[in-house]
Amino acid sequence: MDIFSLIKTKSIEKNSCQFLKFLEYFYETYLIVFSFTIGYDMKSWNYYNNIEHITNNASESLNNSLNKLFPMKPNFYELINKLKEQEHLSYYDYQIKIKGIWRMKKKKKNKNKN
C-alpha cells in the first residue's frame, strides 16, 4: 500500500471529511497531472518504504565538494585531471587510514591585530 492510500484509509477510519476533500483535490490537481503529463510515477518519490536513504545528504555533500574544486566551469581536460587527482588522493587517504595512520588537520592560527 502506498502512502497516499494509507493516509486516505486512516482519514476514512477517523471520519475526517474535510481532510478527505483536500486529499481528493491534491490527488486530482497534482498527482494525476504529474503522472499523466510528465510520466512521473508517484512511487518514485515516495520514501515511505525506502529507509536506506531518507535524505539527500550524500548528493549535497558531493555537490558541495565539486563546487569547491571547480569554482568556475573547467574545460574538459582540467575536469578529467582534477577528478583523477581527487580519486588518487582519496584512495591514498584510505590506504593510510586502514594502516592506522591518521593525519591531523593543521589548525589555522587566528591572528588578531589590536
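Above this text is the structure in question.
Note that the coordinates shown come from a computational prediction; the quantities given were computed from them, not determined experimentally. (Residues numbered from 1 in each chain as written. Predicted model: local features only at pLDDT ≥ 70, side-chain atom pairs only at ≥ 80, totals over all residues. Heavy atoms only, no water.)

### Observations regarding a nonpolar patch on the surface
Together, Ile7, Phe19, Phe22, Tyr25 and Tyr30 give the surface a local cluster of nonpolar side chains, amounting to about 470 Å² of exposed area. Top element by residues in the nonpolar patch is helix H2 (residues 17–38). It accounts for four residues. The topology assignment puts isoleucine 7 in helix H1 (residues 3–13). Note on isoleucine 7: relative accessible area 33%, which makes it partly exposed. (Patch = residues over 30% accessible without salt bridge, like charges linked within 9 Å, V, L, I, M, F, W, Y side chains within 5 Å. Areas by Shrake-Rupley, 256 points an atom, 1.4 Å probe, with all protein chains shown as cover. Salt bridge = Lys/Arg side-chain N within 4 Å of Asp/Glu carboxyl O. Helix = DSSP H or I, 4+ residues; strand = E, 2+ residues; numbered from the N terminus. Buried < 20%, exposed > 50% of the residue type's maximum accessible area, 1.4 Å probe, protein only.)

### Side note on the pattern of salt bridges
According to the stated counting rule, one finds two salt bridges in the structure shown. Taking the shortest distance from any N to any O, the salt bridge between lysine 8 and glutamate 24 comes out at 2.9 Å. Placement of lysine 8 in helix H1 and of glutamate 24 in helix H2 is noted, with a sequence separation of 16 residues between them. The partner of glutamate 85 in a salt bridge is lysine 82, and the shortest N-O contact between them spans 3.8 Å. A residue pair is termed a helical-turn pair when its members lie 3 or 4 positions apart in one helix, as glutamate 85 and lysine 82 do in helix H4 (residues 76–98) at three residues.

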